[in-house]
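If you want the building blocks of each chain, they are given just below.
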Amino acid sequence: MATRSMLRSVWTSFAGLKLGPTGTNVKLQQRINTPQLSALTIQSRGIRQVVEKQEGKTTTVKGQILDIPAAPQPPNPAAKCPIYKWNLQNKYNYTDVLLLSQFIRSDGGMLPRRITGLCPEEHRKIVICVQMAHRAGLLPDHKPKLPEGHVSKKPKPQLNRYLTRWSIDSVKPIYKTGLKWCKKRMAVGHPALKNNVRYGVKPLYLKH
Amino acid sequence: MSSFSRSAQQWATFARSWFLIDAKMQPPGKIATMCSVRLQGKHKPIYHALSDCGDHVVVINTKHIAFSGNKWEQKVYSSHTGYPGGFKQVTAAQLHLKDPKHLTIVKLAVYGMLPKNLHRRTMMQRLHIFPDDELPDDIRANLTEELPQPREIPRKLSEYTQEEIDAFPRLWTPPEDYKMK
């Protein structure tokens, strides 16, 4: 009887369980479920704590709503796009890896816009920044998985670069640069980010 | 300083100092401008083109140099041997394969930024380029000042601590039925 009630309480505790944002299962501590909360809590209706009380023959199983400290509220919750909600428009760059890593898959690809909820312009800017971050080597753990035992034919030279606009294989060398007044300039950065906030006096140079 | 004796002040003004620049993850063009300014002596108020007031500059870690944009593929170094059909054009990436320590890239950058006169060769003799951290002991003993790096090196995602990653707020919540993150 006691074991059956215990099993039933465990089953109800599983039923009422809410998975954390990382998708990991919350640890079970005997009969009472105390979910381990990290600093990032998802805005859900509230995680219940299952409390069991035994008074003689009757067992009461209660789901108490835990008092969770609210997740940091965005400064502009009225906006639809997450970047506008947090007032980060025109403020991020390819170096802000903590921001960019929230919109990429584990193999480095972008998440679809219908899932992340970004507006089209910001989605494009994030895509550009993620591409520049990958080429700069700032996301070393988000490489695509190669099949086992894959040996590359030619080892590619590891060249340090940053603010690369074009993909490495698509660019041709500039053999004839031209005279100073009509010089063929080399592209640096991306014009989509030209409205970014500049805290210094110097303007943003896109053509070197 | 005004508290120096006359001989000490004279020595401090006219002595030739040795500068150190770390070129790790830095663009070679910005490194070269800093080098050329100090090799000519233009950072001194007593500068005159004829007075040979340039200083020594030591550049280290040149094998970790970083070009901005697609310059590794686009930048072309041209030269002519003087013989017909001797026009050679090499991209920076091909130059990397030929010289993975990037000594020629930094040397050509500084050479192009110095004034085009006969002093240029002596100024290039005062420039010392090393591919990595190791310096000969006599040069290390001469160094007086290290210059700040022109470019701030961005941090990789693996260099952030877990606390810093957790402290950054999540901007969006994924729908519950979406997996494959």
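Predicted model only: the values in this text are computed from it and were never measured.

Attention shifts here to the interface of chain B and chain A. With 41 residues of chain B at the interface, the matching set in chain A holds 50 residues. Counting the surface lost from both chain B and chain A, the interface buries some 4200 Å², and carbon and sulfur atoms represent 65% of this. Per-residue buried area on chain B facing chain A is highest for Q74, L171 and W172 of chain B; these three make up 18% of the total on that side. At the junction of chain B and chain A, the tally comes to 1 salt bridge. The shortest N-O distance in the salt bridge between E73 of chain B and R161 of chain A comes to 3.0 Å. For the pair chain B and chain A, the interface holds 16 residue pairs in polar contact (both at pLDDT 80 or more). For the side of chain B that touches chain A, the secondary structure elements donating two or more residues are β3 (66–68), α3 (71–74), β5 (87–91), α4 (92–98) and α8 (162–167) of chain B. Of all the elements, α3 of chain B adds the most residues to the side of chain B that touches chain A, at 4 residues. Within the side of chain B that touches chain A, the residues separate by chemical class into 20 nonpolar, 10 polar and 11 charged.

Scanning all chains against the criterion turns up 0 disulfides over all chains. Its sulfur unpaired, C119 of chain A is 3.3 Å from the next cysteine sulfur, which belongs to C81 of chain A.

As a further point, take the pattern of salt bridges. Summed over all chains, the structure comprises 8 salt bridges over all chains. When the shortest N-O distance is used, the salt bridge between K125 of chain A and E122 of chain A registers 3.4 Å. Highlighted residues: K125 of chain A and E122 of chain A, both in helix α5 (residues 120–136), separated by 3 residues, approximately one helical turn. The exposure classification of K125 of chain A matches that of E122 of chain A, with both residues buried. Among the salt bridges present, the one from D52 of chain B reaches R126 of chain B, with a minimum N-O distance of 2.8 Å. Taken as a pair, D52 of chain B in the loop between α2 (28–40) and β2 (56–60) and R126 of chain B in the loop between α6 (119–125) and β6 (127–129) lie far apart in primary sequence, 74 residues in all. Among the residues examined, D52 of chain B registers a relative accessible area of 41% and is labelled partly exposed.

Reading guide: rules and limits
- Residues numbered from 1 in each chain as written.
- Chains lettered and ligands numbered in written order.
- Predicted model: local features only at pLDDT ≥ 70, side-chain atom pairs only at ≥ 80, totals over all residues.
- Heavy atoms only, no water.
- Contact = heavy atoms within 4.5 Å.
- Buried area = accessible area lost by both parts, 1.4 Å probe.
- Salt bridge = Lys/Arg side-chain N within 4 Å of Asp/Glu carboxyl O.
- Polar contact = N/O pair within 3.5 Å; in protein donor to acceptor, adjacent residues only side chain to side chain.
- Helix = DSSP H or I, 4+ residues; strand = E, 2+ residues; numbered from the N terminus.
- Nonpolar A, V, L, I, M, F, W, Y, C, P; charged D, E, K, R; others polar.
- Disulfide = S-S within 2.5 Å.
- Buried < 20%, exposed > 50% of the residue type's maximum accessible area, 1.4 Å probe, protein only.

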